[in-house]
Amino acid sequence: MDALVTGIHHVTAFAGNAARNRRFYTDVLGFALIKRTVNFDAPTMWHLYYGHASGAPGTLVTHFPEPRAARARHGGSEIASLTLALRSGELESLVAKLKHAGVPFARRTMLDRAVIAFEDPDGIPIEAEEHLDFLQKEAPAEIARVTLAVPDSRETCGILRDIMGFTESSRDGARTRMVLADGGSGRELDVLHAPDLPPEPLAAGTIHHVAWRVPDDRAQSNAAEALARAGVAVTPVRDRQYFRSIYFRIPGGVLFEIATDGPGFAVDEPADALGSALCLPPQYEAQRSLLAATLPALE
C-alpha cells in the first residue's frame, strides 16, 4: 500500500527554562532558531522552532518552554526518545561539543547502528547517529526517527503498517523498527514494547507529539480520509501559519500530527532573517506588546 506520509516534519516537546533551551539547541547541537512565536493555543508560552536555517521540514525540533513546569518522569504511552541523523564523520564533532558543554553521554549500539546517547537540559533522551543517505546536505542535523514506548507494540505496529504504510525493517527484543518507502532519515520509527511502564503526566522534558509530513493540502485530506475509514478519530484542519495540521492518537496513546510542507516559515519574516523577531498569528497581533513583555527572556 502507498504510505500516507513521506517522513517526519517536526517533533514538539515541553521545556522548562527558555534561555537554557535556546542555548542547548543552538550552541551545543548547532541548530538555528528559525522561528520565535507563541503556542497558538496558549499564547503566553513560547513556541520555539529549531532546525536548518531555511526551516526545512524534517530538520525541525520545536519546544514549548514553561519556567514553572515540573520536570518530567518518563513512562509508557509516550514518545520515549528522539534520534538525530548527522552527516558521515560528524558524530565525533558532536561528542566534542557535548564534552565542552559538560553534557554526559554514552556510546551504544542500537539495531546494528552506533549511536551517542545523551539528554537535553530537561531530560529528553536524545540519540545521534551518522547517516550515509543524509537527505538535506546543508543541515547540521535532521530527525532520523522517534521511539514510541507503548503497552502493545503489535497493536501499534498494526496501524502503522495497515493504515499508514510502514513496513518492518528489523527487530531486536522489545524494539521493532518500522520504515516508510525509500528508507533514510526521517522515514523511520521505532516501537518499544513496554507493557509495564505506566503513563506519566506531561511536564518539561516530555515529547508532546511527532508530526509527519505531506506535500500539500490534497495529500493531507487523503490521509485524513484514510484514517477516518479505518475508524481513527482525526481533528479538523488547524492553521499553524507555517503549515496546516491534523491530529490523531494511535493505539498506545501517542499523539501524531500530519503537517503540510508549506507555506513555510518565510510567510511573516524575510527568509534570510528567520528567527530574529517575535512573529505572531493574526489573532494575537493586537496583544503584541503584552505578550512580548510576558514571554520569558531567551538570552
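Scroll up for the structure.
Points about the environment of H47
On the secondary structure map, H47 appears in strand β3 (residues 42-51). Through-space distance from the C-alpha of H47 to that of C157 is 31 Å; in sequence the pair is 110 residues apart. Residues contacting H47, with those up to four places away along its chain left out, are T12, K35, R36, T37, V38, N39, T62, H63 and F64.

Points about the packing of aromatic side chains
The full count for this structure, using the stated rule, is 12 aromatic pairs. Cluster of aromatic residues (ring-pair linked, three or more members): F24, Y25, Y50 and F118.

A look at the pattern of salt bridges
Enumeration according to the criterion identifies 22 salt bridges in this entry. Ionic pairing is found between E168 and R171, a salt bridge with its closest N-O pair at 2.8 Å. Overall, R171 belongs to the exposed group, its relative accessible area being 55%. Note that R175 and D190 form a salt bridge whose closest N and O atoms lie 3.0 Å from each other. Residue R175 is located in strand β11 (residues 175-179), and its partner D190 is located in strand β12 (residues 188-193); the two are separated by 15 residues in the primary sequence. Both residues of the pair, R175 and D190, count as buried. A single salt-bridge network, built from bridges that share partners, covers R113, E129, R145, R175, R177, E188 and D190.

Some points on the pairing of strand β4 (residues 60-65)
In terms of burial, β4 is a largely internal element, 6 of the 6 residues being buried. Residues L60, T62 and F64 point to one face of β4 and V61, H63 and P65 to the other, with burial holding for every one of them. Sheet analysis places strand β1 (residues 7-15) next to β4, joined by 6 bridges and oriented parallel. Residue V11 lies in a different strand from β4, and its bridge partner there is V61.

Calculation notes
- Residues numbered from 1 in each chain as written.
- Predicted model: local features only at pLDDT ≥ 70, side-chain atom pairs only at ≥ 80, totals over all residues.
- Heavy atoms only, no water.
- Helix = DSSP H or I, 4+ residues; strand = E, 2+ residues; numbered from the N terminus.
- Contact = heavy atoms within 4.5 Å.
- Phe/Tyr/Trp six-rings, centres within 6.5 Å; stacked < 30°, edge-to-face > 60°.
- Salt bridge = Lys/Arg side-chain N within 4 Å of Asp/Glu carboxyl O.
- Buried < 20%, exposed > 50% of the residue type's maximum accessible area, 1.4 Å probe, protein only.
- Pairing = 2+ DSSP bridges.

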